[in-house]
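Chain and residue survey
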Amino acid sequence: YWIEGATVSIAPSLALLRESTSVAQPRLLLFGDPESGNGDLPRLPNLKTEIDAVSAHYSDKALYTGATATPASYRSSHPETYSTLHFAAHAVANRESPLDSAIILGGPADSRKLYARNILAQSLTAELVTLSACETAGSRTYRGEGLLGFSWAFLSAGARNVVAGLWPVDDRATAQLMERFYQGMAASRSPAIALRQAKLDLMASGTTYRKPRYWAAFETFTRVLYR
């Protein structure tokens, strides 16, 4: 890891200390608020607010929500052509087999999971991937590789920065955090600095969301430019 300003950025693996190429033109690919028949994972009421706040900062965007937010849509959407990928949905971590961790999207019950291992199958050039869901950073640490899970998978696929959560998060607080985070990104801040400022804003909000459990889960994982 290293310190950018007053913010810690994390490169989870020595294998990821290599240079990547980013998409120049800002383009957003967003998957969120999927339709799901899984009663164990109810629909999150604040995802639409988050989606509207994030997408407002992009004129060139593709939004997959409701019935269209499926793993098949991700595979066919050419994610390698987007500068920003954002996921707002449930996720489940698999500690025993981290690459079987999954973002729960829409579609039939037997095909609604976008697995971390699926991410590795498609190269990316994104400057930023945001995983606005629970425990997306990873659930198990491996020597030399750090936390394995979605953050590792997206970085390995070619993304430059991944914002992911370390533990279960509150969807209303997360919507507010993401709104402030993307405001910072729109002001040309780096992901690490924009996330830091978003957290500081919640800390200073005077609401219950000032407490660390509402904002501290999210971290920035970065593919280091190593020369």
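Residues numbered from 1 in each chain as written. Predicted model: local features only at pLDDT ≥ 70, side-chain atom pairs only at ≥ 80, totals over all residues. Heavy atoms only, no water.

1. Considering the pairing of strand S5 (residues 84-88)
- Among the five residues that make up S5, five are buried, leaving the element largely enclosed by the rest of the structure.
- Neither face of S5 is exposed, since Thr84, His86 and Ala88 on one face and Leu85 and Phe87 on the opposite face are all buried.
- In terms of strand pairing, S5 meets strand S9 (residues 128-132) through five bridges, oriented parallel. Its bridge partner lying in S9, Phe87 is registered against Leu131. (Buried < 20%, exposed > 50% of the residue type's maximum accessible area, 1.4 Å probe, protein only. Helix = DSSP H or I, 4+ residues; strand = E, 2+ residues; numbered from the N terminus. Pairing = 2+ DSSP bridges.)

2. So, the confidence of the model for the protein chain
- With 79% of its residues at a pLDDT of 70 or more, the protein chain shows a mean pLDDT of 84.
- Below a pLDDT of 50 lies the segment residues 1-6, which in the model reaches 16 contacts outside its immediate sequence neighbourhood of four places, other chains included.
- Residue range residues 138-146 is modelled with pLDDT below 50. Its contacts to residues more than four positions away, or to other chains, number 26 contacts. (pLDDT = per-residue confidence, 0-100. Contact = heavy atoms within 4.5 Å.)

3. Comments concerning the nonpolar core
- Core analysis: the largest hydrophobic core is formed by 27 residues, its most contacted members being Tyr74, Leu85, Phe87, Val129, Leu131, Phe154 and Val162.
- At the level of secondary structure, the elements contributing two or more residues to this core comprise strand S3 (28-34), S5, helix H3 (116-119), S9, helix H4 (150-157) and strand S12 (161-165).
- In terms of residue count, H4 provides more of this core than any other element does, five residues in total.
- Residues contacting Val129, with those up to four places away along its chain left out, are Leu85, Phe87, Phe154, Ala159, Asn161, Val162 and Val163. (Core = buried A, V, L, I, M, F, W, Y, C linked by side-chain atoms within 4.5 Å.)

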